[in-house]
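Observations on the three-dimensional arrangement
Letter by letter, the chains look like this.
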Amino acid sequence: MNTADVTRSRYIPWLFVAGFAIVFAVNGTMIGMAVGSFSGLYTPKPRDRGLHYNEVIAAQQARDALGWRVEPTWRPGSDDLEIAVFDRAGRPLAGAQVAVALVRPAEKGAVVGVAMEAVDIGRHAGHVALPARGNWDVDISVEQGGQRFAQTRRMFLR
């Protein structure tokens, strides 16, 4: 064996160490970015929601018992959101108050409120200045005569 081979073979274990150090650094960076970008929590107080789960189920059953139906429609040319509300029999729900909030499903950060106005019996509309196009959760809340109906629809708004 000549001296060039001995010198070269001395560095081979250090190449493995350097390779593993690069892998650990990249994995550490990816883990840090993943943990810092999304907590994995959908609600602000998940423990409280879990403790009151039976109340949540009862509220959903009361909502379903109303039999109300909402139909959101997005008008991309004018950036208007229309909500049609129907009762159990399929008739437009008169005298209802409609509130709408838009939330990005991936970001769950900023909520975009939409001022809704009645345009016809059972129909409400509002203009939306979207900060970004794409998938949005449309949180719809309808109140009429002391009864409340809430539903979330996922829509692609462009």
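Before any of the text, the structure's been laid out above.
So, a few notes on the structure that sits alongside this text. (Residues numbered from 1 in each chain as written. Predicted model: local features only at pLDDT ≥ 70, side-chain atom pairs only at ≥ 80, totals over all residues. Heavy atoms only, no water.)

**Examining the environment of glycine 95**
Put simply, the rule reads: What counts as a helix is a DSSP run of H or I of at least four residues, what counts as a strand is a run of E of at least two, and both are numbered from the N terminus. In this scheme, a residue with accessible area under 20% of its type's maximum is buried, one over 50% is exposed, and one in between is partly exposed, where area comes from a 1.4 Å probe on protein chains only. By the convention used here, residues are in contact when the closest approach between their heavy atoms is within 4.5 Å.
Along the chain, the position of glycine 95 falls in the loop between strand S2 (80-86) and strand S3 (97-103). For glycine 95, a relative accessible area of 63% puts it in the exposed group. Sequence-wise, glycine 95 and proline 13 are 82 residues apart; in three dimensions their C-alpha atoms are separated by 78 Å. Beyond its immediate chain neighbours, meaning those up to four positions away, glycine 95 contacts Glu143 and Gln144.

**Some thoughts on the sheet that holds S3**
Defined as follows: Pairs of strands are assigned from DSSP output, requiring at least two bridges between the strands. In this analysis, axes come from line fits to C-alpha atoms, helices being fitted only over the stretch in contact, and the angle between any two N-to-C directions falls in the range 0 to 180 degrees.
Taken together, 4 strands build an open sheet; the order of strands is S4-S3-S7-S8 and the sheet is antiparallel. Edge positions in the sheet fall to strand S4 (111-114) and strand S8 (147-157), since each has one partner strand and no second. In this sheet, neighbouring strand axes are inclined to one another by 20° on average, regardless of whether the strands run parallel or antiparallel. As defined by bridge partners, S3 adjoins S4 across 4 bridges and the pair is classed as antiparallel. In the strand pairing of S4, alanine 101 is matched with glycine 113.

**Side note on the environment of valine 114**
Relative to the assigned elements, valine 114 resides in strand S4. Along the chain, valine 114 and valine 100 lie 14 residues apart, while their C-alpha atoms are 5.5 Å from each other. In contact with valine 114, other than residues within four places in its own chain, are Val100, Leu102, Gly126, His127 and Val128.

**Digging into the side chain of glutamate 82**
Here is the rule: A 3.5 Å cut-off defines polar contacts: any pair of N or O atoms within that distance qualifies, except that in protein one atom must be a possible hydrogen donor and the other a possible acceptor, and neighbouring residues in sequence count only when both atoms are side-chain atoms.
Inspection of the secondary structure assignment puts glutamate 82 in strand S2. You can call glutamate 82 buried: its relative accessible area is 18%. A polar atom in the side chain of glutamate 82 sits 3.1 Å from the side chain of arginine 75. Reaching out from glutamate 82, the side chain makes a polar contact with the side chain of arginine 123 at a distance of 2.8 Å. Apart from residues lying up to four places away in sequence, glutamate 82 is in contact with Glu71, Pro72, Thr73, Arg75, Arg123, His124 and Ala125.

**Thoughts on the pattern of salt bridges**
The following threshold applies: Within this document, salt bridges are pairs made up of a side-chain nitrogen of Lys or Arg and a carboxyl oxygen of Asp or Glu, the two lying within 4 Å of each other.
If you walk through the whole model with that rule in mind, you get 7 salt bridges. Arginine 75 is the salt-bridge partner of glutamate 82, the closest N and O atoms lying 3.1 Å from each other. Exposure remark for arginine 75: the relative accessible area of 36% places this residue in the partly exposed category. A salt bridge links arginine 123 to glutamate 82; the nearest nitrogen and oxygen atoms lie 2.8 Å apart. Taken as a pair, arginine 123 in strand S6 (residues 123-127) and glutamate 82 in strand S2 lie far apart in primary sequence, 41 residues in all. Since its relative accessible area comes to 31%, arginine 123 is described here as partly exposed. Where salt bridges share partners, they join Arg75, Glu82 and Arg123 into one cluster.

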